[in-house]
Every structure is written in structure tokens, then in C-alpha cells.
Amino acid sequence: MLKRLFLILGVEALLLVVLAVIPLTVNNSFVLGLLTLLAIYGILLIGLDITVGYLGQVNLAQAAFLGLGAYTAALTVTRFGFGMPAALIAAAAVGCLFGGALSFPALRLEGPQFALSTLSFMALTTTALNEWESLTGGAQGLQVPRPPLFGVMLGPKGFYWLCLILLVFVWIAMRNLLSSQWGRAFEALRDSPIATDAMGIGTLRNKAAAFTLGSGLGGLAGGLYAFNFQYLQPQVFVYDLMVILLLGVVLGGRKSLWGAFVGATIVVLLPNLLSSRILFQAFSGLGFLLALTAGIRGFVTKTTRPFQAVAPVVAMGMLVVGGIFTSNTEDWRKAIFALMLFAVMVGLPEGLMGFAASFLTRLFRIPPPELPEPVPLDEVLVKKVTDGGPLLELLDLKHYFGGVRAVDGVTLTISSGAIHGLIGPNGSGKSTLVNVISGLYAPTSGGILLHGKPLAKGSLFKVAQRGLSRTFQNLQLFSELSALDNVMVAMKGIYRSPLPLVLLGLTRKNERRAQIDALTLLKMVGLMDDCRVPAKDLPYGAQRFLEIARALARRPDLLILDEPAAGLAQPDITRLLQIIRRIHDRGITIILIEHHMDVVSELCNIVTVLDHGKIIAEGEPGEVKRHPKVIEAYLGGTVEPAGQQYIEQGNIVPVPA
Ligand code: ADP
Ligand code: MG
């Protein structure tokens, strides 16, 4: 523990001290200028990494937020006589404001559409800054006097230290935020927006929060940028800068503060590298070697496909060759950045820091953080009182996909405390029914009551808030999060602490409690030892169990399991039966979709059979599987006399004599 703290915090402290004392020892205004820019870009890229790294969205608007912040700071000083602190706050606020406004339309979009909407925002901003001459001075540019800081005029060194201090504040606050429930939520929605809503975390609000925050940091960086250069021109905040910022984040390493810092260093140094041929050749040679090493390593360990290993080597090779034949590398800057971005995206998706981190962790044997001990299950899932009364009522529920009547008038009551089986042949509408109940789809018509009150329709998030939790037939895990984080992020009752407390890192106790509860649930499904493994690296059966543990973190009244035994081997099915019984013991009502008839017979008090979206039978498992209509549905038309056959593992087999 101490070693870990020492190694990790020690390196950061050392870096800070070195950065802080350089201006005292090196009296060079060029170096000082680079360092100041490094601190400013550090803040900017930490902001950009929130959307690019954590949300996993290509954000092309960060250069625009830098510009908006810069002009805001400049104008509040020149027009309203703001001091430095007020102007910087205004710059950050304008970043947040525009970011928040943009997030509402933009964040309903995903992937390329999101990227395009941020691109349009960027184009609009540059145009506005250019054309609104009465305010911005247009292409002429705008002079910005550097205002005093609490009455003190800052020289270049003083201003550098100010930027450095702000970077440290942002660094610490972001580390606290991103290692809290907020950061987990950001990552969760990158991996599965559906599950983020179904686990009551809320996709839109988190996306909006992340984007607003990242844009606010962009605005703050812009304010510092304005006071650093003391002269602004709109054509700075354009595509060139945007590409190089993206390159910085991706090359530095996503989802990492160090990555953002390394990225900022690259962003600051790159233009200077291009101005000298020797430097550029040295640099591209280094890049070539790096690509070669990464390529060979990937090839030998068979972790990369041949294309992934070869393409970056070719791209960097082109830079080396190009460096020999071109006299002026600056003219080629766009092509150079593009090649580098390509090489990194393909060959080093984890970035330099990701590449270095695995290596460094092994070198220094940095132990993973210690975890608390789990507690008895009773403390995490307090037993609920069940009275057998109606918990969930469906009233003539219908859901059509165009002409397909997937759910066609289902009226059904689920009693509190039951394990209610839902069976039927493939395509009979079981999944659609629970998707409608849980809010993934809005029903075509019909009513749903939970605890006698209407349930919100078509909103996973609102339904989750009402105490319903579920798993998915096709797993919807947060694949890059560890098993522990998958459960922690869904944990209800460990409320998100107020933002200021999170930023100051004063919520460790809450985090600890969430960890203990999550570990207890993982222990219950037998995944304690795998708690640090990313969900995507778990075996298939373990992933199914993890999804159940995550659903339980909601402490639901009603749990819906959509084919939990699908694809499981026999030992795992036995384990599943035990787990479901234990959940039931806690007073949680369960709807169990299953086609393994033995699982259903073993567990359920009551079974409803669907066919073509309609209920064809309901009753005790023993009764139901001898029901002629059920046998007909499973057989597809051929009716045998009742009692001659029963359903086993989804298939009809004759009743043994
Ligand atoms: P089950 O879970 O019982 O196997 P489903 O609810 O998945 O059945 O499917 C019921 C019917 O609805 C099937 O005919 C299926 O093809 C159709 N269906 C399911 N999901 C969709 C969808 N997203 N779009 C169109 N049709 C769908
Ligand atoms: Mg299904």
C-alpha cells in the first residue's frame, strides 16, 4: 500500500517540483514559453480526454472551446475590466455553458454522427469569431492585456506558475472525480448505454455532465491561452489544432491523466520539431523504432493482427523517407499529423502511457490497491418482506414490430415473492415482453402497474428507479470495466456524493462502503477472485454471473432474468440454481425466462407459457408441461395426447413409462 502510494504519488510530486523549478535555473524565455503552453494544453487535453477517452466519442469541438474561452477572457477584461480570476471563471463558465447546450442535441447521437455535430459546432464557432468583427476584431485579431491577479501584475514566470498551479488543481480534482462513481458512470455508458440506463445510472445526464465538464476545462485553458499570448486570432482555433489535439490525446494514452500530460508535451513540441530538419529526422526515426518494437512484440505475442503490426511501421517509414527528401517539413505538417494519427490509432490504441504503464507496473512491481473484506450477504441485501400480493400487473399489453405481433395482448400478474417462470418456443415474445416491462421498448398499447401504480413506459432509467432490475439475453456488460467496477457502478444506496466533495476527494468512505457491498455480491456469485478482471476477459459463464451480481447491486424488488442458463455447462447451471434460490431467499421477486425445462421445474412456483405473443397456459410447472396447447406450440402443430410427452431442455420428449 505504502509502496504503491509512494511510487505513484512520488513520481507526480517529483515531476511537479522539476517543472516548478526549471524557470529558476534556466533563464530562457523560449523554454518558459513552451512550459507555459505545456501547462495550458495539459488542462485542455485532460478536458478532451473526458469525452474521447472516457465517453469514447470522437470530439472535434475542443479547439472551439479553447477559442470561446480565450475570447471570453479577453472580452471580459477589455470590455468589463475583469481581473484575472473573474475572467478565467467566466471563460470556464462559457465553456461549460456552450458544452452543456451542445451536449443535448449532440449526445443523443453516437459515433460518426456525434463527431459530425461537434465538427459543425467547431466550424460555426470559427466563422462567428471571424465574422463578428465588432466584438472580436475578426481576422484583424484582438489585443489582450494581461490583467492583474489580486492586484499583482504577473510576469512570464509568475504567469507560468499560475498555469502550473491550475494544472495541478485540475489534475487532482479530475483524479478524484474519475476514480469516483462519476468516472465509472462515464465509462459504463461508453460500453453499454442500454445497461447504463437499465442499471439506473442514467445515460444522458452522465454524457451531458462529462461533455460539460470537458468543455469547461477547454474554456479555462482558453482563458489562460489568451493571457499567455495576449493576442488572439480566430484562425488559430481551426482544424489543424483540432487534429493535433486529438493526436495528443490518442498518442499520450486515453483515460489517463499522465496520458494527457504526455499528449500535451507532444502537442507543444511537434510544431518545433517540424521547424528543424535534423530534429524531425531524429523524431521520425524514433517513431519508426517504436512502431517496429510494438509491431514485433505484438507479432511475437500474437496479440495483434499482421495489419495492425505492419501498417504503423509503413506509416512511420514514410515519415523517415519523407524527411530525407523534403526540404521544408512544415509544408507537409497536415500529412505528417495524419500519418502519425493513423499509425497510433492502429498500432498503439492504448497510447504511449498505456504501452508504458503495463511495462512500468511490471518493472516496479506496483501492487494493485488493497481491497476490503466482504461482509455477510444479509447486510447488503436486507431481506424484503413479501406478502404474495400483486407486485407487477400487465394489462392487455401489446408490442408490434411493424407487422410482427411480438407481444399480442398479455394480461398477467406477478405475485410478490414468486419465482415466476416465462417459457415458450423461440420467437414467442418472451424477450420482447420483458423489454417492454423494463422500458427498453414503449408498448404499442396496454398498461403496466408496479406496486399498483403505473410504471413509466419506454424508459429503462425511470423503470430502474422504481425498483426493477434485469439481465439481458445477449449480455450487456460494461466490458472494459473490472468485475468489481461493473457491480459498483450499479450500486444503489451508495449515492453519488455532492460534486464539490468528490472533487476534493472527501468521499472515500462512501467508496469503501460501495466496494465492500460489491465484493459481497461478487462473492455470492463466486467471482471474488476475479474482481479485478475486466468483464470482457472473463469466461462466458462468469460473465453471466457477473450480470446477475450487477443487477442485484440495484437491490431490486423485482429481478428479471432473461435466459440466464443459455450457453452454460452443467456445473454452472447447478451453481445458477443455487444463486437464484439465494436471491429468492432475500425476498426478491423473480421473473425467470428459460427454455431449460428442468431449471424451470426446479425453481418456479408458477409458469406462464407464451406462443406467438399470447399466453397459452399458466400454472404449476408440472401441470403446464403436460398442457396440450403447450406441447402443440413446442412441437409446431403435431398434437400428441396429453400426458404422453413433456418438455425437456426446450424439446418435447415422451413421458417415460
Ligand atoms: P423470444 O425471446 O421468445 O425468443 P423475442 O421476443 O425475441 O422472442 O421475439 C419475438 C418476435 O419478435 C420474433 O418474431 C422476433 O423475430 C421479433 N422481434 C424481436 N425483436 C425484434 C426487433 N428488434 N425488430 C423486429 N422484430 C423483432
Ligand atoms: Mg429471447
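Going along each chain's sequence as written, the residues are numbered from 1 onward. Chains and ligands are labelled by the order in which they are written, letters from A for the one and numbers from 1 for the other. Local features in this predicted model are restricted to residues of pLDDT 70 or higher, and side-chain atom pairs are both shown and tallied only at a pLDDT of 80 or more, whereas totals for entire chains, interfaces and linings draw on every residue. With hydrogens and water stripped out, all remaining heavy atoms of the structure feed into the side-chain values.

Only nitrogen, oxygen and sulfur atoms qualify as donors, provided they sit within 2.8 Å of the metal or within 3.2 Å for Na, K and Ca; with water excluded from the atoms, sites may seem incomplete. Binding of the magnesium ion (ligand 2) to the protein goes through Ser431 (OG) and Gln473 (OE1), at separations of 2.0 to 2.1 Å. Here Ser431 is found in helix H18 (residues 430-437), whereas its partner Gln473 is found in the loop between strand S8 (468-470) and helix H20 (483-490), with 42 residues between them in sequence. By relative accessible area, Gln473 is classed as partly exposed at 30%. Working definition: helices are DSSP H or I runs of at least four residues, strands are E runs of at least two. Numbering for both runs from the N terminus. Partly exposed describes any residue whose relative accessible area lies between the buried limit of under 20% and the exposed limit of over 50%, with all areas from a 1.4 Å probe on protein chains only and scaled to the type maximum.

With that settled, consider the domain arrangement of the protein. Size of an interface, as often reported, equals the accessible area lost when the parts are brought together. Here the protein is partitioned into domain 1 (30-237), domain 2 (238-367) and domain 3 (387-481 + 554-624). Of note, the centres of domain 1 and domain 3, computed from C-alpha atoms alone, are 45 Å apart. Approximately 1300 Å² of surface area, both sides summed, lies buried where domain 1 meets domain 3, with 68% of it carried by carbon and sulfur atoms. Salt bridges are defined as contacts in which a side-chain nitrogen from Lys or Arg sits within 4 Å of a carboxyl oxygen from Asp or Glu. With a shortest N-O distance of 3.6 Å, Arg190 and Glu480 are connected by a salt bridge. By convention here, the domain bounds are inherited from an automatic or database domain assignment. Computed with a 1.4 Å rolling probe, the buried area is the accessible surface lost when two parts are put together, summed over both parts.

Our focus in this paragraph is unusual backbone geometry. The backbone phi angle of Gln230 is positive, close to 60 degrees, even though this residue is not glycine. Phi at Asp396 takes a positive value of approximately 45 degrees, unusual for a residue other than glycine. Mapped onto the fold, Asp396 is located in strand S3 (residues 390-401). By relative accessible area, Asp396 is classed as partly exposed at 39%.

Here the focus is the nonpolar core. Note on terminology: a nonpolar core comprises buried Ala, Val, Leu, Ile, Met, Phe, Trp, Tyr and Cys residues joined through side-chain atoms within 4.5 Å. Counting residues in each nonpolar core, the largest one holds 110 residues, and the members touching the most others are Tyr41 and Leu232. Of all hydrophobic cores here, the second largest spans 68 residues; its members include Val380, Phe545, Ala549 and Cys604.

Neighbouring ligand 1 are the residues Phe401, Val404, Ala406, Pro425, Asn426, Gly427, Ser428, Gly429, Lys430, Ser431, Thr432 and Tyr441. Polar contact criterion, stated in full: a pair of N or O atoms within 3.5 Å, where within protein one must be able to donate a hydrogen and the other to accept it, and residues adjacent in sequence count only if both atoms are side-chain atoms. With respect to ligand 1, the backbone of Ser428 contributes an N or O atom lying 3.2 Å from an oxygen atom. Within the side chain of Ser431, an N or O atom sits 2.9 Å from an oxygen atom of ligand 1. To measure how exposed things are, a 1.4 Å probe is used in the Shrake-Rupley method; for residues, cover is taken only from the protein chains shown. Against a free-state accessible area of 550 Å², the protein chains account for coverage of 61% of ligand 1. If you list the elements that add at least two residues to the shell around ligand 1, you get strand S4 (404-415) and H18. Under the convention adopted here, Pro, Cys and the residues Ala, Val, Leu, Ile, Met, Phe, Trp and Tyr are nonpolar, Asp, Glu, Lys and Arg are charged, and Gly plus all remaining residues are polar. Taken together, the residues of the shell around ligand 1 sort by class into five nonpolar, six polar and one charged. If even one non-hydrogen atom of a residue comes within 4 Å of a molecule or strand, that residue is called near it.

Looking at the secondary structure, you find Asp611 in strand S11 (residues 606-611). Only four residue types enter the charge count, namely Lys and Arg as positive and Asp and Glu as negative; His and the chain termini do not. Here Asp611 is buried and forms no salt bridge, its nearest opposite-charge partner Lys430 lying at an N-O distance of 8.7 Å. Contacts of Asp611, omitting those with residues within four sequence positions, involve Pro425, Ser428, Ile616 and Ala633. Contacts: residue pairs with any heavy atoms within 4.5 Å of one another.

Strands in a sheet are paired, the pairing made by backbone hydrogen bonds, and the direction either parallel or antiparallel. Pairing within the open sheet is mixed, and its six strands lie in the order S8-S9-S10-S5-S11-S12. Each edge of the open sheet is held by one strand with a lone partner, namely S8 and strand S12 (614-619). With direction set aside, neighbouring strand axes in the sheet form an average angle of 20 degrees. Each pair of strands is called paired provided DSSP finds at least two bridges between the two strands. Of the pairings in the sheet, the one linking S8 to strand S9 (residues 558-562) comprises three bridges and is parallel in character. When the bridges of S9 are listed, Arg470 appears paired with Ile560. Of the strands in this sheet, strand S5 (419-423), S9 and strand S10 (589-593) touch helix H24 (residues 570-585), which is tilted by about 150 degrees from S10. Lines fitted to C-alpha atoms define the axes here, with helix axes fitted over just the stretch in contact, and angles between the N-to-C directions of these axes take values from 0 to 180 degrees.

Right, let's talk about the packing of aromatic side chains for a bit. Here a pair means two rings of Phe, Tyr or Trp (six-membered ring of Trp) with centres within 6.5 Å. Their orientation is stacked below 30 degrees between planes, edge-to-face above 60, and tilted elsewhere. Scanning all chains against the criterion turns up 13 aromatic pairs. Ring centres 6.4 Å apart and planes at 70 degrees place the aromatic pair Tyr71 and Phe237 in the edge-to-face group. Linking Tyr71 in helix H3 (residues 62-80) with Phe237 in the loop between strand S2 (231-232) and helix H11 (239-252), this pair joins segments that are 166 residues apart in sequence. Across the pair, exposure class does not vary: Tyr71 and Phe237 are buried alike. Residues Phe401 and Tyr441 carry aromatic rings whose centres are separated by 5.4 Å and whose planes lie at 90 degrees to one another, so their mutual orientation is edge-to-face. Of this pair, Phe401 sits in strand S3 while Tyr441 sits in the loop between H18 and strand S6 (445-450), and the two are 40 residues apart along the sequence. Relative accessible area serves as the criterion here: at 37%, Phe401 is assigned to the partly exposed category. Either the NZ atom of lysine or the CZ atom of arginine qualifies as a charge over a ring when it sits within 6 Å of the ring centre and within 35 degrees of the ring normal. Residue placement shows Arg146 over the ring face of Phe159; its charged tip is 4.3 Å from the ring centre. A cation over an aromatic ring shows up here: Arg470 above the ring of Phe472, its NZ or CZ 4.1 Å from the ring centre.

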